[in-house]
Amino acid sequence: MRGYCAPLMVAIVQNGIAEVTPSGAGWARAFAVLYDPFLWVGERAGLRAHRKELLSRARGCAVEIGAGTGLNLPHYPDDLDELVLVEPDAAMRSRLEKRLIRSDRPARLVDAPAERLPFADGSVDTVISTFVLCTVDAPDLALREIARVLRADGQLLFIEHVRSDSPTLAYWQDRLVGPWRRFAQGCRCNRATPELIASCGLELQHVQEASWHAMPPIVRPLIAGRAHPGSSDG
């Protein structure tokens, strides 16, 4: 789902494994339509403030991977040199384009996966990833691409839900990962993202733990922060 870890299983995950896991192109289109309404409660319950605080640090040439429907758009600084929104899902990209037009914010849309970013080595100041690294099929490739395109003094800004430190919750994340992945267009609710970031040529800095309030417990643990290119590619 390229970053779309929406709480769409609230209605069907109650006491165990979900029995309904829609899939296919039709569901992908429906998911794009339903994404913002289902995120509304979580946004109001604190995630919007996390986005605003994180994105205030964006600078220079900024590239957002998995930009989705454009929920980050209102929070970018006005003094960026350039804003590029990368979104490979056609249904999401269509809604992103409409939101971009309404926002009147100058930005360029690019159709590309996070694993193959069409940017030169060391050409980007800021990469933004919000609820993306849980979804990409090859997160190690995506992170190495991010490390490749960042300048030496560049930064990755991220908000991601992660594998829980609680053994009980981690157990349920593992048990529900299959139905959640099918329902939420590829999202892995149990991905150990901090360890992945640290192993792929990026150094974690200023990482904070948070909670995605009003969301299903399996996607509630969050991390938010920055990472910088390391001295080696890990």
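Note that the coordinates shown come from a computational prediction; the quantities given were computed from them, not determined experimentally.

A. Region of the structure containing the nonpolar core. Tyr76, Leu83, Leu85, Ile159, Trp180, Trp212 and Val219 are the most contacted members of the largest nonpolar core, which totals 32 residues. At the level of elements, helix H1 (25-55), strand S2 (82-86), helix H2 (90-103), strand S5 (150-161), helix H4 (167-183) and strand S7 (221-229) are the ones that each hand at least two residues to this core. Not counting the four nearest positions on each side in its chain, Leu85 is found in contact with Glu64, Ala67, Leu73, Leu96, Leu100, Ala107, Arg108, Leu109 and Val110.

B. Looking closely at the packing of aromatic side chains. Going through the model one piece at a time under the given rule, you end up with 2 aromatic pairs. With 4.5 Å between their ring centres and 20 degrees between their planes, Phe131 and Trp212 make a pair best called stacked. Pair noted here: Phe131 is in the loop between strand S4 (124-130) and helix H3 (139-149) and Trp212 is in the loop between strand S6 (202-211) and S7, with a separation of 81 residues, a long-range link. Each member of the pair, Phe131 as well as Trp212, is classed as buried. With a centroid separation of 5.4 Å and an interplanar angle of 80 degrees, the aromatic rings of Tyr171 and Trp172 are classed as edge-to-face. In this structure Tyr171 comes out as partly exposed when scored by relative accessible area, which is 46%.

C. Spotlight on the sheet that holds S2. Here 7 strands make up an open sheet; going across it, the order is S3-S2-S1-S4-S5-S7-S6 and the pairing mixed. Since the sheet does not close on itself, it has two edges, and those belong to strand S3 (108-110) and S6, each with one partner. Across this sheet, the average inter-strand angle for adjacent strands is 15 degrees, counted without regard to direction. Examined bridge by bridge, S6 and S7 share 8 bridges and lie antiparallel to one another. Bridging across to S7, Gln208 finds its partner in Ala224.

Rules behind the numbers
- Residues numbered from 1 in each chain as written.
- Predicted model: local features only at pLDDT ≥ 70, side-chain atom pairs only at ≥ 80, totals over all residues.
- Heavy atoms only, no water.
- Core = buried A, V, L, I, M, F, W, Y, C linked by side-chain atoms within 4.5 Å.
- Buried < 20%, exposed > 50% of the residue type's maximum accessible area, 1.4 Å probe, protein only.
- Helix = DSSP H or I, 4+ residues; strand = E, 2+ residues; numbered from the N terminus.
- Contact = heavy atoms within 4.5 Å.
- Phe/Tyr/Trp six-rings, centres within 6.5 Å; stacked < 30°, edge-to-face > 60°.
- Pairing = 2+ DSSP bridges.
- Axes fitted to C-alpha atoms, helices over the stretch in contact; angles between N-to-C directions.

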